[in-house]
Amino acid sequence: MARSINQNAYTGALPNFRNLGIVLRILLAGNLYVFAAAILLIRGARAYWERIVEIGALVEPLLIFSVLALVALNGPLQRMPYWLGAATVLLLELALTTGLYAAGYNLLGAEPAPLWRYCVLVTLGTLALLLYFDLRGRALSPALSEARLQALQARIRPHFLFNGMNAVLSLIRQDPRRAETALENLAELFRMLMSDNRELAPLAREVELCRQYLDLEQLRLGERLKVEWRVQRMPDDAMVPALVLQPLIENAVYHGVEPRLEPSVVSIEVYAAGEQVHTVLRNPYRESSDRHGGNRVAVANIRERLQLHFDAEAALTAKVTDGNYEVRIVMPYVKDRSQ
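Enquirer: Residue-level account of the environment of Glu60, with values.
Expert: For Glu60, the position within the fold is in helix α2 (residues 45-72). On the basis of relative accessible area, Glu60 is assigned to the partly exposed category, the value being 31%.

Below is the structure:
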């Protein structure tokens, strides 16, 4: 089953506690809360550090156990109405606080604060985090995210379509059958561009679309374009953002092949490593080219799209190495549940 464009977008439910970005935000907010609480309870510089140690002795284990519990219970929490899920999270935090307080009473100092004070602090912190995630979810609501995605996608559509049509026109009289095949490929690319691309798509289909695009470019560039595919370890059941590869390959052709008269190689490697899918694209790089500004725009667009889909679980890096421009994408291995 394809997942929606932004798994962290507001849907009237709690955030996805199995998302790395959500977990990191919980841990960071919890530690900042410890320092803030110590400041509020300060009675001097020495007492400040004593208070941090006292609060941290309970909060740090609480954060660890809370994250583990939320990850384990993420499925049931997602299926609950928002108010019930939020109440469940709050009760879970209070139960963990009480248990850790009782288990670690002797570690909280000679005269630890009463349990009710810790419960109040945990309640305020939990409610503040729930409010933060709710507000963040509304800011990344499906309507806003989908509009942003469509705006980003609109910026990467135009020139390969015009180039493809010009290539087909040049073939109509010389090789009608080849022109017909090229038109079919172009029509399929048009269909994908104009379709609803808010959900993840099969990686195998994305690669097939890239092959169709490169076939069109081969008509135009001929022997100047050499393509190396390394997809022997590609996971066919992986799901990726729609049209996440084609714009990068398009830029590899536009920036790496077109400015050269000699044959140039565009290399595409796709493979799975553990729970991640890696994609590496390489094309020749010429420092004096005036086209690299547009390439950086395309890379930035794809990076934003990955963030909309996967938050901190995906990454895109671009660098120049050994005379090639290399773009590497790392995405979580989301499987196609329909297979």
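Let us keep going from here.
Enquirer: Any details on the environment of Val299? Residues and values, ideally.
Expert: For Val299, the position within the fold is in helix α11 (residues 292-310). Residue Val299 is classed as buried on the basis of its relative accessible area of 4%. Sequence separation of Val299 and Asn251 is 48 residues, and the distance between their C-alpha atoms is 9.0 Å. Those residues in contact with Val299 that sit more than four places away from it in its chain are Leu248, Leu316, Ala318, Tyr325 and Val327.

Enquirer: An account of the sheet that holds strand β1 (residues 200-202) is needed here, citing residue identities and associated values.
Expert: The strand order across the open sheet formed by three strands is β1-β3-β8, and the pairing between neighbours is antiparallel. Because the sheet does not close on itself, it has two edges, and the strands there are β1 and β8 (334-335). Here strand β3 (residues 238-241) runs beside β8; their pairing, made up of two bridges, is antiparallel. Considered in β8, the bridge of Met239 is made with Val334. The strands touched by helix α9 (residues 203-221) within the sheet are β1 and β3, with β1 carrying the most contacts at an inclination of about 75°.

Rules behind the numbers
- Residues numbered from 1 in each chain as written.
- Predicted model: local features only at pLDDT ≥ 70, side-chain atom pairs only at ≥ 80, totals over all residues.
- Heavy atoms only, no water.
- Helix = DSSP H or I, 4+ residues; strand = E, 2+ residues; numbered from the N terminus.
- Buried < 20%, exposed > 50% of the residue type's maximum accessible area, 1.4 Å probe, protein only.
- Contact = heavy atoms within 4.5 Å.
- Pairing = 2+ DSSP bridges.
- Axes fitted to C-alpha atoms, helices over the stretch in contact; angles between N-to-C directions.

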